[in-house]
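Remarks on the overall topology
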Amino acid sequence: MSKNVKVSARMRSISRRMTFIFALMVAAISLWPAAAFAQSRDDALRVSVDRDIISMDETLVLTILVNDLGNPPTLPALDGFDIVAQSTQSQINIMNGAQFFSSAYQYRLRPKRVGDLLIGPVTLFQNGQSYSSEPIIISVTQGMAVPRSTESGGEIEAPPKLEGQDFYVESEIDNASPYQGEQALYTFRFYQTKETFQQPQYEGPSFTGFWHGEDIKTAQYTTEAAGRNYLVTEFQTAVVPTVVDDLTIDPATIEIPGGFFTRYQLLSSQSLEVQAQPLPDGAPAGFGGAVGRFDLTAEVDNTEVSANDTVTLRVTVSGEGNIETMPDVTLPDSTDWRFFADTPEVKSEIIDGKLTGSRTMEWVLTPTGGGSLEIPSLSYSFFNPETETYETLSTDPIVVNVSGSAASASSAPVAASTDSLATAASSLRTLKMVAKPLRQASVPLTDRTGFWLLWLVPVGLVAAQALYQQRRRIFKHDYAERRRRQAASDANLALAGAVASGSGQEAIAPILRDYLAAKLGHSVAGMTESELANELINAGVRTQLAMRVCDDLAASDASRFAPTGAVYPSSTAILEAKRLIADLERALVV
């Protein structure tokens, strides 16, 4: 009987605790929207830029977020910038019957000059109060883009496939059959008739089978096609085939971020075929694989030295070719000199589409004797692809006059007298014989395996403690972890159910918000687009992907109030949502 009483008392205790916890949850849920609303009201105006250091060939995005509808913000005088595009979006969030309004204003700005440019305070007059943002300083550099000019007034002939598209890409290589080791130039062109609110992101090919330099933006110019003017941006990459084979250069891509009313786009260029040819027979004995056109010079810092001095020999190979991977000049052995080599200094750049630069090698030479010593002639062989012949360059011998000799420079030995030797001999003591044979010392402690194995004990204890703590955290938050791991499969299952039930685009937003809540560990309901985008970016999501999330949520929410249903067919929208969740799943890796 007493046992049943104890069980009943324990059940009543658990019931009281569950009731108390439930009451706390209800109170927290009822107070949360009001707290969020107060926080948003305190932050009525927020101004930000996507970057504060740009070049003359780039643009930046100025974003102004206003909580509540009403008067638009007032821009300052943007004397150092041109406004090349702008957009506005308003959002309505409904929580517990209360409506929350927010507006986002975006301006894409292009700098007019180099230097530190000022974006003054943005002002807002709302609900009888005046708000003002802090000024922003933007550092503008010259940039790398060089405007191209032609005899036809600056217009370049457009590709035949460019027939009125807003965006278009193409790629080409200036030499489709280079020799192994010969430089070719890969060019990617991006055509656009519309400004983008975020800087497009270029990603070059992997160039399998090639050595390649950095991708460099080399030119911006305009052209006309199908009655439309296009701004063309060129990216160039110097490539050098490292193998003899039929090679393929994969397509390059450029990401065009979406804005409030535009969608994310990914454009790919065509792949290119390159046939790398072998070098012809007949290479000279000293040929090390250099391909291009080069000059060879040699000089010393001093031709008049003493026997105790050193001479610095500087040899430079310069010209057109892959300077970074070409072999060094070899200094022949000599009985007159001892030498020590220094690390080569390499300078390389692209000039008029050609890899050019210099490779400078230095040796510190020490004479082994005196007199007129000769630094022998140096030679360097390379293959010239223009003449299709092997060429060998040689330097003249260099004579260095060394005063004195290595023997006289050192201290001469002093002859010892017979008396001094006798005195030294008498002072020597005889060796005392050891009574017992010498024993070999035992193995040092540090050479014993057991000594080092003992160091593994504390490491193992630390690892075991970390593993134990991790298992405890996983056990404690097992539900949240399980929910996070199953978020993608749950979302895809819900999307499949939406397709089966014939739901429209409006069904995507709650599914996507549930997925984000599971991955981020908290609800995203009521968050503005800017807050959600910042949350995703802080979690490791790229800016373009975060904007895609905001765009899909906005489109799904808007479809609920659209008079004709979804903005575009529900099957297309749900397919895009599945792709979006797959991209998020790769990005939100904890």
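The structure under discussion appears in the preceding block.
Residues numbered from 1 in each chain as written. Predicted model: local features only at pLDDT ≥ 70, side-chain atom pairs only at ≥ 80, totals over all residues. Heavy atoms only, no water.

Turning next to the overall build of the chain. Counting its secondary structure elements, the chain contains eleven helices and 30 strands. Within the chain, buried positions represent 36% of all 590 residues. Excluding contacts between residues fewer than 6 apart, the proportion of contacts in the chain whose partners are at least 24 apart in sequence is 70%. Here the chain has roughly 34900 Å² of accessible surface; of this, 54% comes from carbon and sulfur atoms. (Helix = DSSP H or I, 4+ residues; strand = E, 2+ residues; numbered from the N terminus. Buried < 20%, exposed > 50% of the residue type's maximum accessible area, 1.4 Å probe, protein only. Contact = heavy atoms within 4.5 Å. Areas by Shrake-Rupley, 256 points an atom, 1.4 Å probe, with all protein chains shown as cover.)

Another aspect to go through is unusual backbone geometry. The backbone of F207 sits at a positive phi, close to 55°, despite the residue not being glycine. Mapped onto the elements, F207 comes out in the loop between β13 (201-203) and β14 (210-212). If you check the backbone angles, D352 has positive phi at about 55° while not being a glycine.

Before going further, it helps to examine the side chain of T187. Here T187 is to be found in strand β12 (residues 184-192). For T187, the side chain forms a polar contact with the side chain of Q236, separated by 3.4 Å. (Polar contact = N/O pair within 3.5 Å; in protein donor to acceptor, adjacent residues only side chain to side chain.)

With respect to the element layout, P397 can be found in the loop between β29 (389-394) and β30 (398-403). Sequence separation of P397 and I375 is 22 residues, and the distance between their C-alpha atoms is 5.6 Å. Residues within four places of P397 in sequence aside, it is in contact with E374, I375, P376 and S377.

For the coordinates displayed, the defined rule picks out eleven aromatic pairs. For the ring pair Y191 and Y230, a centre distance of 6.5 Å and an interplane angle of 80° mean the geometry is edge-to-face. Of this pair, Y191 sits in strand β12 while Y230 sits in strand β16 (residues 228-241), and the two are 39 residues apart along the sequence. (Phe/Tyr/Trp six-rings, centres within 6.5 Å; stacked < 30°, edge-to-face > 60°.)

Okay, the sheet that holds strand β2 (residues 53-55) next. On the basis of which strands lie adjacent, the open sheet formed by three strands has the order β2-β9-β6 and mixed pairing. Each end of this open sheet is capped by a strand with a single partner; those strands are β2 and β6 (115-119). Neighbour-to-neighbour, the strand axes of this sheet turn through a mean angle of 35°, independent of strand direction. For β2 and strand β9 (residues 136-141), the ladder comprises three bridges, and the chain directions are parallel. Looking across to β9, one finds that I54 is bridged to V140. (Pairing = 2+ DSSP bridges. Axes fitted to C-alpha atoms, helices over the stretch in contact; angles between N-to-C directions.)

In this section: helix α9 (residues 529-538). Within the span of α9, buried status applies to E529, S530, L532, A533 and L536. Projection of α9 onto a plane perpendicular to its axis shows the buried side chains occupying an angular sector of 165°, all on one side. (Arc of directions from axis to C-beta.)

This next bit is on the packing of helix α8 (residues 508-520) against helix α10 (residues 543-559). Contact geometry for α8 and α10: axes closest at 8 Å, N-to-C directions at 145°. Mapping the contact onto sequence places I508, A509, L512, R513 and L516 in α8 and V549, D552, L553, S556 and D557 in α10. Here the residues of the contact of α8 with α10 are counted per class, giving six nonpolar, one polar and three charged. (Nonpolar A, V, L, I, M, F, W, Y, C, P; charged D, E, K, R; others polar.)

Time to look at the nonpolar core. One broad trend across soluble globular proteins is that nonpolar side chains are buried collectively. Counting 32 residues, the largest nonpolar core has L512, Y515, L516, L532, L536, V549 and L584 as the members making the most contacts within it. Of all the secondary structure elements, the ones that give two or more residues to this core are α7 (487-500), α8, α9, α10 and α11 (570-587). Per-element accounting of this core gives the leading share, eight residues, to α8. Ignoring any residue separated from it by four or fewer positions in sequence, one finds L584 in contact with L512, Y515, L516, V541, L545 and V549. V300, V311, L365 and L373 belong to the second largest nonpolar core, which has 26 residues in total. (Core = buried A, V, L, I, M, F, W, Y, C linked by side-chain atoms within 4.5 Å.)

Bringing the pattern of salt bridges into the picture now. According to the stated counting rule, one finds 18 salt bridges in the structure shown. The shortest N-O distance in the salt bridge between R46 and E531 comes to 3.8 Å. With R46 in strand β1 (residues 45-49) and E531 in helix α9, this residue pair connects regions lying 485 residues apart in the sequence. Of the residues examined, R46 reaches a relative accessible area of 21% and is grouped as partly exposed. Where E576 meets R548, a salt bridge forms, and the shortest distance between an N and an O atom there is 3.2 Å. In this pair, E576 is assigned in helix α11 and R548 in helix α10, connecting sequence segments 28 residues apart. Take E576: its relative accessible area is 17%, and that puts it in the buried class. The class of R548 is buried, set by a relative accessible area of 9%. By sharing partners, the salt bridges in this structure join E170, E172, R189 and E234 into a single network. (Salt bridge = Lys/Arg side-chain N within 4 Å of Asp/Glu carboxyl O.)

What follows covers α10. With 17 residues, α10 ought to run about 24 Å at 1.5 Å a step, and its terminal C-alpha atoms sit 24 Å apart, in line with that. Here α10 lies mainly inside the structure; 15 of its 17 residues are buried. (Expected span 1.5 Å × (residues − 1).)

Next up on the list: the packing of α9 against α10. It is the contact of α9 with α10, at a shortest axis distance of 9 Å, that shows an interaxial angle of 145°. Here α9 runs over α10; the crossing is right-handed. Counted together, E529, L532, A533, L536 and I537 of α9 and T543, A546, V549, C550, L553 and A554 of α10 form the full contact between these two elements. (Left-handed = near helix turned anticlockwise from the far one by under 90°.)

Attention now goes to the sheet that holds strand β22 (residues 304-306). Taken in spatial order, the three strands line up as β22-β30-β27 in an open sheet, and their pairing is mixed. The open sheet is flanked by β22 and β27 (371-375), the only strands paired with a single partner. Neighbour-to-neighbour, the strand axes of the sheet open up by a mean angle of 35°, direction not taken into account.

Where strand β21 (residues 292-300) and strand β23 (residues 311-321) come together, nine bridges link them in antiparallel fashion. Directly across from L296, in β23, lies its bridge partner V317. Examined bridge by bridge, β23 and strand β26 (residues 354-367) share ten bridges and lie antiparallel to one another. When the sheet's bridge partners are listed, L313 is paired in β26 with W363.

A few words now on a nonpolar patch on the surface. Residues L454, V457 and L461 make up a contiguous nonpolar surface patch of roughly 320 Å² in combined accessible area. Relative to the elements of secondary structure, V457 occurs in helix α5 (residues 456-476). Exposure remark for V457: the relative accessible area of 48% places this residue in the partly exposed category. (Patch = residues over 30% accessible without salt bridge, like charges linked within 9 Å, V, L, I, M, F, W, Y side chains within 5 Å.)

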